[in-house]
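One-letter residues, chain by chain:
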Amino acid sequence: MVSYKDLGLVNSRELFKKAVNGGYAIPAYNFNNMEQLQAIIQACVETKSPVILQVSAGARKYANQTLLRYMAEGAVAYAKELGFEIPIVLHLDHGDSLDLCKSCIETGFSSVMIDGSHHSYEDNVRLTKEVVEYAHKYDVTVEGELGVLAGVEDEVSADKHVFTQPDEVEDFVNRTGVDSLAIAIGTSHGAYKFKPGSDPKIRLDILSEIEKRIPGFPIVLHGSSSVPQDLVAIINSNGGKLDDAIGIPEEQLRLASKSAVCKINIDSDGRLAMTAAVRKVLAENPGEFDPRKYLGPARDSLKALYMHKNSNVLGSSGKA
Ligand code: G3H
Ligand code: 13P
Ligand code: ZN
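Source: prediction; values computed, not measured.

Novice: For this particular structure, what's the right way to read the confidence of the model for the protein chain?
Specialist: When pLDDT drops low, the exact placement of atoms in the prediction is not to be read closely. Per-residue pLDDT for the protein chain averages 96, and the proportion of residues at 70 or more is 97%. Of all the helices and strands in the protein chain, strand β7 (residues 156-158) carries the lowest mean pLDDT, 55, while strand β1 (residues 26-30) carries the highest, 99.

Novice: Would you mind going over the coordination of the zinc ion (ligand 3) with me for this structure?
Specialist: Ideal coordination angles are 109.5 degrees for a metal with four donors arranged tetrahedrally and 90 or 180 degrees for a metal with six donors arranged octahedrally. The zinc ion (ligand 3) binds to the protein through His 94 (NE2), His 189 (NE2) and His 222 (ND1); the donor distances cover 2.1 Å. Coordination of the zinc ion (ligand 3) draws on donor residues from a single chain, spaced H-x94-H-x32-H in sequence. On the criterion of sequence distance, the pair formed by His 94 in strand β3 (residues 88-95) and His 189 in the loop between β8 (180-183) and α8 (204-213) is long-range, its members being 95 residues apart. Each member of the pair, His 94 as well as His 189, carries the same accessibility label: buried.

Novice: Explain the pattern of salt bridges to me, please; I cannot follow it from the model alone.
Specialist: It is possible for side chains bearing opposite charge to pair when their charged atoms get close. Taken as a whole and assessed by the stated rule, the structure comprises 23 salt bridges. Across the pair Lys 17 and Glu 14 runs a salt bridge, and its minimum N-O distance is 3.3 Å. Taken as a pair, Lys 17 and Glu 14 lie in helix α1 (residues 13-22) at a separation of three residues, close to a single helical turn. Between Asp 123 and Arg 126 there is a salt bridge, with the nearest N and O atoms lying 2.7 Å from each other.

Novice: Teacher, can you tell me more about the site of ligand 2 here?
Specialist: In the neighbourhood of ligand 2, 16 residues make up the surrounding shell, with Asp 93, Lys 193, Ser 225, Asp 267 and Ser 268 lying closest. Separating an oxygen atom of ligand 2 from a side-chain N or O atom of His 94 is a distance of 3.2 Å. One nitrogen or oxygen atom from the side chain of Lys 193 is found 2.6 Å from an oxygen atom belonging to ligand 2. Against a free-state accessible area of 310 Å², the protein chains account for coverage of 96% of ligand 2. Broken down by class, the residue content of the shell around ligand 2 amounts to one nonpolar, twelve polar and three charged.

Novice: Help me understand the packing of helix α11 (residues 268-284) against helix α12 (residues 291-314), please; the structure alone is not making it clear to me.
Specialist: The geometry of a pair of packed helices is captured by two quantities: the angle between their axes and the separation between those axes. Orientation of α11 relative to α12, taken along the N-to-C sense of each, is 145°, at an axis distance of 8 Å. Crossing hand, α11 versus α12: right-handed. Where α11 approaches α12, its residues Asp 269, Gly 270, Ala 273, Met 274, Ala 277, Val 278, Val 281 and Leu 282 are matched on the opposing element by Lys 293, Tyr 294, Pro 297, Ala 298, Ser 301, Leu 302, Leu 305, Tyr 306 and Lys 309. Looking at the contact of α11 with α12, its residues break down into twelve nonpolar, two polar and three charged.

Novice: When you look at the packing of aromatic side chains in this model, what are you seeing that I'm missing?
Specialist: Note on aromatic pairs: each is described by the distance of the centres and the angle between the planes. On inspection of all chains with the given rule, the structure shows three aromatic pairs. Taking the centre distance of 6.2 Å and the plane angle of 55° together, the rings of Tyr 121 and Phe 172 count as tilted. Of the two residues, Tyr 121 sits in helix α6 (residues 121-136) while Phe 172 sits in helix α7 (residues 166-176), which places them 51 residues apart along the sequence. In this structure Phe 172 comes out as buried when scored by relative accessible area, which is 0%. Relative to Tyr 138, the ring of Tyr 134 has its centre 5.2 Å away and its plane inclined at 50°; by these criteria the two rings are tilted. For Tyr 138, a relative accessible area of 33% puts it in the partly exposed group. Cation over ring: Lys 48 sits above Phe 84, and NZ or CZ is 4.7 Å from the ring centre. Lying across the ring of Tyr 70, Arg 69 places its NZ or CZ 4.0 Å from the centre.

Novice: I tried to follow unusual backbone geometry on my own but got confused; where do I start?
Specialist: Glycine aside, residues mostly have negative phi angles, and peptide bonds mostly take the trans form. Phi at Asn 64 is positive, roughly 90°, even though this residue is not glycine. Mapping Asn 64 onto the fold places it in the loop between α3 (57-63) and α4 (65-82). In this model, Val 227 sits at a positive phi of 50°, which is unusual for a non-glycine residue. Secondary-structure assignment places Val 227 in the loop between β9 (219-221) and α9 (229-236).

Novice: What is the right way to look at helix α10 (residues 250-257) in this model?
Specialist: Every α-helix carries 3.6 residues per turn, so stepping three or four residues along brings you back to the same face. Of the residues making up α10, those classed as buried are Gln 252, Leu 253, Ala 256 and Ser 257. Here the buried residues of α10 occupy an arc of 140° about the axis, which is enough to place them on one side. Of the residues in α10, the exposed ones pointing more than 90 degrees away from the buried face are Glu 251 and Leu 255. On its buried side, α10 packs onto α8, β9, β10 (261-266) and α12.

About the criteria used
- Residues numbered from 1 in each chain as written.
- Chains lettered and ligands numbered in written order.
- Predicted model: local features only at pLDDT ≥ 70, side-chain atom pairs only at ≥ 80, totals over all residues.
- Heavy atoms only, no water.
- pLDDT = per-residue confidence, 0-100.
- Helix = DSSP H or I, 4+ residues; strand = E, 2+ residues; numbered from the N terminus.
- Donors = N, O, S within 2.8 Å, 3.2 Å for Na, K, Ca; no water.
- Buried < 20%, exposed > 50% of the residue type's maximum accessible area, 1.4 Å probe, protein only.
- Salt bridge = Lys/Arg side-chain N within 4 Å of Asp/Glu carboxyl O.
- Near = heavy atom within 4 Å.
- Polar contact = N/O pair within 3.5 Å; in protein donor to acceptor, adjacent residues only side chain to side chain.
- Areas by Shrake-Rupley, 256 points an atom, 1.4 Å probe, with all protein chains shown as cover.
- Nonpolar A, V, L, I, M, F, W, Y, C, P; charged D, E, K, R; others polar.
- Axes fitted to C-alpha atoms, helices over the stretch in contact; angles between N-to-C directions.
- Left-handed = near helix turned anticlockwise from the far one by under 90°.
- Contact = heavy atoms within 4.5 Å.
- Phe/Tyr/Trp six-rings, centres within 6.5 Å; stacked < 30°, edge-to-face > 60°.
- Lys NZ or Arg CZ within 6 Å of the ring centre and 35° of its normal.
- Arc of directions from axis to C-beta.

What follows is the structure in structure tokens.
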């Protein structure tokens, strides 16, 4: 058993309290490899922002659980070396079973998500409660989910949203003991969130109903990429083909960050930033074959994106 405390990581409890009271959201950025981790840490140290490093089940398969644990420990040391200590959470994104949550907790995760949103309400309560009971023994925080986001999450996909019902949240939070709640209010996973030409809107009215039922309780937004159109254009003008990719307007996320939304998940925008940089370098330099020559610019572009998110969208800059 490796405790996250020995790795220099923190759970999300205090961070969420401060974020809810301070009217900002903590960035939750996914990582699968070294360049992504470097970009996240560099951006968050430079903006003095707390950060949640997210690992999906797919990332764990891709990168290897042992390597990930050492990478997270390395991230803590790297932040110190860069000259400013920031709080770092290592979080399981979309855990689907008690066994996976246990395994992550045993290898140094300080926070886990149990996503029972595809089960019936009662099964979701039962599964989430089991995970909370296990995790809290180790002072690990737990995120649950109510409502279903459209789009694809690992092997699970849904065609349309099932918005979170405000009437259910109080009962869910009380019966499960979760530390934070992910809700479905119109965000979705991936790059194709809204139809082109539409006026993308998240349901801030449902968010405010939910806040009335559980005042001050930490709320999480998944599927919060904005799909920057300049990145889509770079990809498409350098051999890519991403048609009709549209995301959540950043102004709406800025508004949501000022409420009890205290964690915002962004993965797809980072994928677009890296892909745009790699495609551009390779299109302009077809003879290049040193991975550092395209992964380096991809890392720089990712870092710039995250600095922008922290400072202009989530409001987490200076809050570390
Ligand atoms: O919500 C899903 C995250 O973007 C992680 O994606 O399961 O492909 O690693 P992944
Ligand atoms: P995006 O696909 O919008 O980046 O959402 C990521 C996410 O919710 C990870 O859990
Ligand atoms: Zn998600």
